[in-house]
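In case you want the letters, here they are:
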Amino acid sequence: QVQLVESGGGLGQPGGSLRLSCAASGRILSINDMGWYRQAPGKQRELVAAITRGGSTNYANSVKGRFTISRDNAKNTADLQMNSLQPEDTAVYYCNADITTSPLFPRRNYWGQGTQVTVSS
């Protein structure tokens, strides 16, 4: 079984910072792309940031210059550093990863359970 567990959410102030962490555990052979998505109330889930195994990154326009995604391939973790927070960043944030568990099976896409981020003064 593979699990993605997020941590680090909570209440942040406008202009402040929060850091989210995602740890993948279980029977993992390799992890390809990892990413962070978010879903605000009444809205569709959207990509926030993604990172390849080699470190190439991709960001939503709304967070460029404010958020930074990073990963540690040895630890199977991915972090999202969120700076200059805005009330519009309020959402449930989900970790996502493409994981191979066996050379006999194709890689699958996994989701974490989500962590709430609320930006408010």
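As the structure is a computational prediction, the values presented were derived from the model and not from experiment.

*Asks:* Let's hear about the overall build of the chain: which residues, and what values?
*Replies:* Across its full length, the chain carries zero helices and eleven strands. Taken over C-alpha atoms, the radius of gyration comes to 14 Å for the chain, in line with the 14 Å a tight globule of 121 residues would show. Based on the C-alpha atoms only, the size of the chain along its principal axes is roughly 50 × 25 × 25 Å. Summarising the internal contacts of the chain: among those between residues at least 6 apart in sequence, 57% fall at separations of at least 24. Accessible surface, the chain as shown: approximately 6,600 Å² in total, 46% of it carbon and sulfur.

*Asks:* Quick rundown of the sheet that holds strand β1 (residues 2–7)? Include the residues and the values.
*Replies:* Spatial ordering of the open sheet is given by β1-β3-β8-β7, a layout of four strands whose pairing is antiparallel. Each end of this open sheet is capped by a strand with a single partner; those strands are β1 and β7 (67–72). The average angle at which neighbouring strand axes cross in this sheet is 15°, direction not considered. Sheet analysis places strand β3 (residues 18–26) next to strand β8 (residues 77–82), joined by six bridges and oriented antiparallel. Each bridged residue has a counterpart across the sheet, and for L20 the counterpart in β8 is L80.

Procedures and definitions
- All residue numbers here refer to positions counted from 1 along the written sequence of the relevant chain.
- Under the rules for a predicted model, residues below a pLDDT of 70 receive no local features and side-chain atom pairs below 80 are neither given nor counted, while totals for whole chains, interfaces and linings still include all residues.
- Hydrogen atoms and water are omitted, and side-chain values are computed over all heavy atoms in the structure.
- Segments assigned H or I by DSSP are reported as helices when at least four residues long, segments assigned E as strands when at least two residues long, and all are numbered from the N terminus.
- When we talk radius of gyration, it's over C-alpha atoms, and the globule rule is simply 2.2 Å times the number of residues to the 0.38.
- For this analysis, residues touch if any pair of their heavy atoms sits within 4.5 Å.
- Each accessible area value is a Shrake-Rupley result obtained with a 1.4 Å probe; residue values ignore everything except the protein chains displayed when judging cover.
- At least two bridges found by DSSP between two strands are what make those strands a pair.
- Angular values range over 0 to 180 degrees, each being the angle between N-to-C directions of two axes fitted as lines to C-alpha atoms, with helices fitted over their stretch in contact.

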